[in-house]
There are 2 protein chains.
Amino acid sequence: MKEGPDIARIAALIGDPARANMLTALMTGKALTATELATEAGITGQTASSHLSKMDEGGLLRVLKQGRHKYFSLANDDVASVLEGLMGLAARSGHLRTRTGPKEASLRKARVCYNHLAGDMGTRMFDSFLERGFLKVSGDALDLTAQGGAFMQGFGVDMAALRSGKAPLCKECLDWSARRSHLAGSLGRAILSRMEELGWAKRTQGSRVVTFSRAGEQKFRSEILAGTG
Amino acid sequence: MKEGPDIARIAALIGDPARANMLTALMTGKALTATELATEAGITGQTASSHLSKMDEGGLLRVLKQGRHKYFSLANDDVASVLEGLMGLAARSGHLRTRTGPKEASLRKARVCYNHLAGDMGTRMFDSFLERGFLKVSGDALDLTAQGGAFMQGFGVDMAALRSGKAPLCKECLDWSARRSHLAGSLGRAILSRMEELGWAKRTQGSRVVTFSRAGEQKFRSEILAGTG
DNA sequence: TTCATAGTTCGACCGTAACCGAAGCATTCG
DNA sequence: CGAATGCTTCGGTTACGGTCGAACTATGAA
């Protein structure tokens with residue numbers, strides 16, 4: 001008995017509706033303050049404070065205190081991955097209320113998963129990078145090849161800065177909608193922000209939806225997918 | 001709000017200690033009866049019945065009624081993956097009570113993850129298969145190459161039978177101890193049972209530990225890893 | 001200094017859900 | 001046919017945890 005870690009503890013942590021709403025809100029990748037999370041979850045500040053300290057203690061959150069504000073974000077990509085995994089289970093077996101509403105549709109097409117691009121366009125990009133030899137899988141480790149590095153640099157990503165960081169460069173993350181992987185890690189984050197910088201795409205405020213401009217989507221196809229998709 | 005599936009519902013399902021114990025017990029891959037699961041969780045049959053029906057309804061379990069017995073097993077590999085993911089979070093951030101006891105050590109070396117080989121030896125095998133060109137990753141899809149198929153057939157796996165099944169042949173599954181992938185899917189299951197059949201390894205009753213015989217481990221190194229590790 | 005805002009702590013309330021005893025079905029065995 | 005076993009349903013108890021109001025601390029602005 002009792003072999004392995006205490007899984008119930010952290011599952012229960014995620015299992016409360018208020019906390020789950022907060023975590024889902026944090027899947028946008030942005031750090032949010034306690035009050036913002038409170039309103040997001042539809043509870044008062046006192047209750048939120050209690051929830052947040054519990055989740056922090058449980059290692060689900062990263063906390064940054066700034067002046068009289070306290071910013072919360074997901075602790076790391078693994079937390080985001082587990083959340084996506086849970087969404088996968090819930091979407092399929094859950095209530096079967098996968099009635100693909102308009103919001104759902106855009107979520108499936110392109111959304112932000114914690115801090116990187118997910119959804120159909122995210123998995124497409126991931127596939128293309130593999131096919132063009134920019135990424136190489138060996139074991140679980142996902143490595144950027146030399147040509148991949150060159151491509152990223154040319155795309156406007158400051159590779160030197162990324163490499164100097166301690167965060168893993170490339171990671172896979174499973175997609176609840178497409179049931180395929182997309183690119184996480186610091187590179188995944190950098191690519192998404194570069195796309196925003198270029199004006200290709202815009203995150204919808206307070207939502208995980210990522211909307212590409214017409215020109216941006218065209219550019220995405222020609223430069224990122226490059227005819228491989 | 002309320003975009004995406006109802007994550008709290010199923011997280012709460014996993015979040016109860018009794019249910020979590022049952023699910024952990026089912027990670028051995030064996031189907032267990034309701035009473036077995038009840039004793040495993042330390043509760044009475046009545047309570048267990050209630051829990052089990054809830055988890056079934058939530059899509060976490062597969063149920064097989066046989067005579068006056070009712071056998072429960074995990075619904076699919078995705079459920080197992082999420083459980084492993086939760087273990088990863090709990091192990092690291094949880095209680096930090098990752099005091100590597102003797103049981104923990106053997107769990108890390110070789111264990112069964114739902115129905116396939118995990119732990120150090122599992123990830124080693126996965127790496128070797130990639131390196132030798134038996135497996136190929138493209139996107140999320142993990143494909144068995146022609147040589148891979150030949151190897152498996154030679155190893156004694158009935159590939160025709162596997163291919164005729166509807167279950168996916170190859171899948172990745174993240175490892176909470178090694179933080180790397182190992183091979184899931186119907187092929188992963190087949191390989192493990194073939195190893196048991198050959199007498200290389202034996203599952204410890206009621207535990208997830210997989211013990212290799214001295215000869216079995218030797219064979220494993222020469223035939224599976226083949227000098228690549 | 002005084003006021004306002006962000007967050008926390010305390011105490012009390014209340015609902016949900018886990019739990020078991022007992023009784024009720026269903027299946028198999030003698 | 002009983003008797004035994006495996007599982008479920010029902011009813012009632014209990015406890016844990018989410019919730020908010022009110023009071024408190026800390027940071028920043030007027």
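Further up the page is the structure itself.
No experiment lies behind these values; they were computed from the predicted model shown.

So, how was this worked out
- Residues numbered from 1 in each chain as written.
- Chains lettered and ligands numbered in written order.
- Predicted model: local features only at pLDDT ≥ 70, side-chain atom pairs only at ≥ 80, totals over all residues.
- Heavy atoms only, no water.
- Near = heavy atom within 4 Å.
- Polar contact = N/O pair within 3.5 Å; in protein donor to acceptor, adjacent residues only side chain to side chain.
- Helix = DSSP H or I, 4+ residues; strand = E, 2+ residues; numbered from the N terminus.
- Nonpolar A, V, L, I, M, F, W, Y, C, P; charged D, E, K, R; others polar.
- Phe/Tyr/Trp six-rings, centres within 6.5 Å; stacked < 30°, edge-to-face > 60°.
- Buried < 20%, exposed > 50% of the residue type's maximum accessible area, 1.4 Å probe, protein only.

Asker: Before we go on, may I ask you to explain the protein's contact with DNA strand C in this structure?
Answerer: Close to DNA strand C lie 20 residues; T35(A), S49(A), Q46(B), H51(B) and K54(B) are nearest. Counting only atoms of DNA strand C within 4 Å of the protein, the sugar-phosphate share comes to 72%. Contact between DNA strand C and A34(A): a phosphate oxygen at 3.4 Å from a main-chain N or O atom of the residue. Within the residue set of the surface near DNA strand C, elements represented by two or more residues are α3 (34–41), α4 (45–57) and β3 (69–74) of chain A together with α2 (17–26) and α4 (45–57) of chain B. It is α4(B) that provides the largest number of residues to the surface near DNA strand C, a total of four residues.

Asker: Teacher, can you tell me more about the protein's contact with DNA strand D here?
Answerer: If you check the shell around DNA strand D, you find 20 residues, and the closest are Q46(A), H51(A), K54(A), T35(B) and S49(B). Considering DNA strand D, the proportion of its atoms within 4 Å of the protein that are sugar or phosphate atoms stands at 72%. Separating a phosphate oxygen of DNA strand D from a side-chain N or O atom of T47(A) is a distance of 2.9 Å. Those elements that place two or more of their residues in the surface near DNA strand D are α2 (17–26) and α4 of chain A together with α3 (34–41), α4 and β3 (69–74) of chain B. With four residues, the top contributor of residues to the surface near DNA strand D is α4(A). Of the residues belonging to the surface near DNA strand D, the class tally is three nonpolar, eleven polar and six charged.

Asker: So what exactly am I meant to see when it comes to the packing of aromatic side chains here?
Answerer: Two aromatic rings, taken as a pair, are described by how far apart their centres are and by the angle between their planes. Under the counting rule described, the total for this entry stands at twelve aromatic pairs over all chains. Ring centres of F151(A) and F155(A) lie 6.4 Å apart, and the angle between their planes is 0 degrees; this geometry places the pair in the stacked category. Residue F151(A) and its partner F155(A) are located together in helix α8 (residues 146–155), separated by four residues, close to a single helical turn. Each member of the pair, F151(A) together with F155(A), is buried. Relative to F151(B), the ring of F134(B) lies with its centre 4.7 Å away and its plane at 25 degrees, an arrangement referred to as stacked. A residue pair is termed long-range when its members are at least 10 positions apart, and F134(B) in the loop between α7 (119–131) and β6 (135–138) and F151(B) in helix α8 (residues 146–155) qualify at 17 residues. An aromatic cluster of at least three residues, connected via ring pairs, comprises F129(A), F134(A), F151(A), F155(A) and W200(A).

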